[in-house]
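Structural characterization, general
Listed below are the residues making up each chain.
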Amino acid sequence: KDAEAELDSSSKTYTVKLENDETLSKTYSDYAIKFAQTYAAYMQDDASMSAVNKYLVSGTDLYESVRTASTHWVTDHSGYAFKNTKAYDFYAYDENTFSCSVSFTQVLHMTGKDDYTDTFDYTIYFKKSVGKYLVYDMASNIGQSSGTAVYFAAPYFFLAIYIIS
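So, a few notes on the structure that sits alongside this text. Small disclaimer: the values here were computed from a predicted structure and weren't measured. (Residues numbered from 1 in each chain as written. Predicted model: local features only at pLDDT ≥ 70, side-chain atom pairs only at ≥ 80, totals over all residues. Heavy atoms only, no water.)

This part takes up the sheet that holds strand β4 (residues 97-110). Read from one edge to the other, the open sheet built from four strands follows the order β3-β4-β5-β6, with strand pairing classed as antiparallel. The strands lining the two open edges of the sheet, one partner per strand, are β3 (77-94) and β6 (132-140). The average angle at which neighbouring strand axes cross in this sheet is 30 degrees, direction not considered. Sheet analysis places β4 next to strand β5 (residues 116-129), joined by 12 bridges and oriented antiparallel. The partner of Gln 106 across the bridge, within β5, is Asp 118. (Pairing = 2+ DSSP bridges. Helix = DSSP H or I, 4+ residues; strand = E, 2+ residues; numbered from the N terminus. Axes fitted to C-alpha atoms, helices over the stretch in contact; angles between N-to-C directions.)

This is the structure in structure tokens:
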């Protein structure tokens, strides 16, 4: 999408301000959340690779990382839940590529112990592949703050965006 870039000549950094894409948000919030929850469930050995695979671009580093992840070390638990789920910051980069962030608290109901909670907060990168949007990369937002550079490899170009709040 068209966006203005400003160069800070002293730091040699371009700053790009992107606006949240409300259309993408309305259209893909549920899809992004479903992927993130399926991925989190898989990483806790509560979902199959085939459940996650339908969201991923095959052959990417992310795909290989998920495919080869060892999920059998997970502590026994009797169930799980997701709380405080939200999808936000939808940014379109072109007609085939966008990102959004998804966050939630994953609660594992531990067998004979207190519940274990984990925070999921990732920016998820989608590209159109085989006629639908699939995930090709993710980056953790935990520990990030306003003014942090976020780098990702979009198809056919490399882009560094400086997030401004």
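This part covers the packing of aromatic side chains. The way to describe two aromatic rings as a pair is by their centre distance and the angle between their planes. Under the counting rule described, the total for this entry stands at 16 aromatic pairs. Summarising the aromatic geometry, the rings of Tyr 28 and Tyr 31 are spaced 6.3 Å apart at their centres and angled 70 degrees between planes, so their arrangement reads as edge-to-face. Residue Tyr 28 and its partner Tyr 31 are located together in helix α1 (residues 22-43), separated by three residues, close to a single helical turn. For the ring pair Phe 98 and Tyr 133, a centre distance of 4.9 Å and an interplane angle of 80 degrees mean the geometry is edge-to-face. (Phe/Tyr/Trp six-rings, centres within 6.5 Å; stacked < 30°, edge-to-face > 60°.)

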